[in-house]
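# Overview (structure and organization)
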Amino acid sequence: MKQLRLGVLAGLFVAAGVLSWGGARLWDSLGTLPSVPLAASIVLAVIAAILLATALSLRARLRAQRERRPGAKGVEPLMAARAVVFGQASALVTALVAGVYGGTGVFLLSFLDVPPRRDQAIYAGAAVVAGIAVVAAAFFLERVCRLPEDSDDNHDGTGAAAA
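Residues numbered from 1 in each chain as written. Predicted model: local features only at pLDDT ≥ 70, side-chain atom pairs only at ≥ 80, totals over all residues. Heavy atoms only, no water.

### Focus on the overall build of the chain
On a plain count of helices and strands, the chain comes out with four helices and zero strands. Secondary structure elements of the chain occur, N-terminal to C-terminal, as α-α-α-α. Expressed as a percentage of the 163 residues in the chain, the buried residues total 31%. Of all intrachain contacts in the chain linking residues separated by at least 6 positions in sequence, the fraction that spans at least 24 positions is 80%. Summed over all atoms, the accessible surface of the chain reaches about 10400 Å², with 65% contributed by carbon and sulfur. (Helix = DSSP H or I, 4+ residues; strand = E, 2+ residues; numbered from the N terminus. Buried < 20%, exposed > 50% of the residue type's maximum accessible area, 1.4 Å probe, protein only. Contact = heavy atoms within 4.5 Å. Areas by Shrake-Rupley, 256 points an atom, 1.4 Å probe, with all protein chains shown as cover.)

### Digging into the nonpolar core
Within soluble globular proteins, side chains that are nonpolar tend to cluster in buried spots. With 26 residues, the main nonpolar core has Leu-9, Leu-51, Leu-58, Ala-91, Tyr-101, Leu-141 and Cys-145 as its most contacted residues. A total of nine residues in this core trace back to one element, the largest contributor, which is helix α4 (residues 115-144). Ignoring sequence-local partners within four residues, the contact set of Leu-141 consists of Leu-51, Thr-54, Ala-55, Leu-58, Ala-83, Val-84 and Gly-87. Counting five residues, the second-largest nonpolar core is a separate cluster that includes Ala-24, Leu-33, Phe-107 and Ala-121. (Core = buried A, V, L, I, M, F, W, Y, C linked by side-chain atoms within 4.5 Å.)

### With respect to the packing of aromatic side chains
Summed over the entire model, instances satisfying the criterion amount to one aromatic pair. If you follow Arg-117 out to its NZ or CZ, it ends over the ring of Phe-111, 4.6 Å from the centre. (Phe/Tyr/Trp six-rings, centres within 6.5 Å; stacked < 30°, edge-to-face > 60°. Lys NZ or Arg CZ within 6 Å of the ring centre and 35° of its normal.)

### Brief notes about a positive patch on the surface
A surface patch of positive charge is lined by Arg-59, Arg-63, Arg-66, Arg-143 and Arg-146. Mapping Arg-66 onto the fold places it in helix α2 (residues 39-66). Classification of Arg-66 by relative accessible area gives exposed; the value is 61%. (Patch = residues over 30% accessible without salt bridge, like charges linked within 9 Å, V, L, I, M, F, W, Y side chains within 5 Å. Salt bridge = Lys/Arg side-chain N within 4 Å of Asp/Glu carboxyl O. Lys, Arg positive; Asp, Glu negative; His and termini not counted. Charge placed at Lys NZ, Arg CZ, Asp CG, Glu CD.)

### Comments concerning the UniProt feature "transmembrane region" (unreviewed entry) in the chain
Following the UniProt record, the feature "transmembrane region" (unreviewed entry) maps to residues 36-58, 79-101 and 121-141 here. Helix makes up 100% of residues 121-141 and strand 0%, with an end-to-end C-alpha separation of 30 Å. (UniProt positions renumbered as here; feature names shortened; annotations may be inferred.)

### Details of the confidence of the model for the chain
The pLDDT averaged across the chain works out to 85; a share of 89% of its residues lies at or above 70. A low-confidence stretch, residues 150-163 (pLDDT under 50), is modelled with five contacts involving residues beyond four sequence positions or located in other chains. (pLDDT = per-residue confidence, 0-100.)

### Let's talk about the packing of helix α1 (residues 6-30) against helix α3 (residues 77-108)
One can describe the packing of α1 onto α3 by two numbers: an axis separation of 6 Å at closest approach and a directional angle of 40°. Classified by the angle between their axes, α1 and α3 sit oblique to one another. Here α1 and α3 pass one another in a crossing that is right-handed. Contact residues: α1 offers Val-8, Leu-9, Leu-12, Phe-13, Ala-16, Gly-17, Ser-20, Trp-21, Ala-24, Arg-25 and Asp-28, while α3 offers Ala-91, Leu-92, Ala-95, Leu-96, Ala-98, Gly-99, Val-100, Gly-103, Thr-104, Val-106 and Phe-107. Across the contact of α1 with α3, the residue classes tally to 15 nonpolar, five polar and two charged. (Axes fitted to C-alpha atoms, helices over the stretch in contact; angles between N-to-C directions. Parallel < 35°, antiparallel > 145°, perpendicular 65-115°, else oblique. Left-handed = near helix turned anticlockwise from the far one by under 90°. Nonpolar A, V, L, I, M, F, W, Y, C, P; charged D, E, K, R; others polar.)

### Topic: the packing of α1 against α4
Here α1 crosses α4 at 165°, and the two axes come no closer than 13 Å. The orientation of α1 with respect to α4, classified from their angle, is roughly antiparallel. Judged by the sense of rotation from one axis to the other, the crossing of α1 with α4 is right-handed. Along the contact surface, α1 presents Leu-6, Leu-9, Phe-13 and Asp-28, while α4 presents Arg-117, Val-128, Val-135 and Phe-139. Looking at the contact of α1 with α4 residue by residue, the classes come out as six nonpolar, no polar and two charged.

### A look at the pattern of salt bridges
A side chain with one charge may pair with a side chain of the opposite charge, provided their charged atoms come close. What the rule picks out here adds up to one salt bridge. Between Asp-28 and Arg-117 there is a salt bridge; the shortest N-O distance is 2.7 Å. Here the residue Asp-28 occupies a position in helix α1, and Arg-117 occupies one in helix α4, the gap between them amounting to 89 residues. In this structure Asp-28 comes out as partly exposed when scored by relative accessible area, which is 21%.

Okay, here's the thing in structure tokens:
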């Protein structure tokens, strides 16, 4: 399974942001720009909380399994893989969504003197912050579910395994 790459997520965020900024400018010149929902940041925050709770639960279960605690409930590999896929998918979609709200928010920065537009800019900024929380939680979940590196191989300074 491939790991998340911060560069890919940042590229998606920037591309969606630029397209959203351009779309907001065009839409505003033709009519009224649709509003940024307050629920966007709330939904993203809930997703971040679910990812974080999943990561913390799996980390505790893996720790108990490693320490061979009696009655410890192990983690099935398929469950860990599903959790990682959920985290990665959430991070990718969130990068796009946060980019859209970020681009709209940047457009709305020039209208901060208009109270409704200022509120929309605040909602867009909150959605971007919540999106960053989702991406951070997804990276943490991926780190928790990462397979341990082989400790049986002794490596010398050249990067080749010693015989």
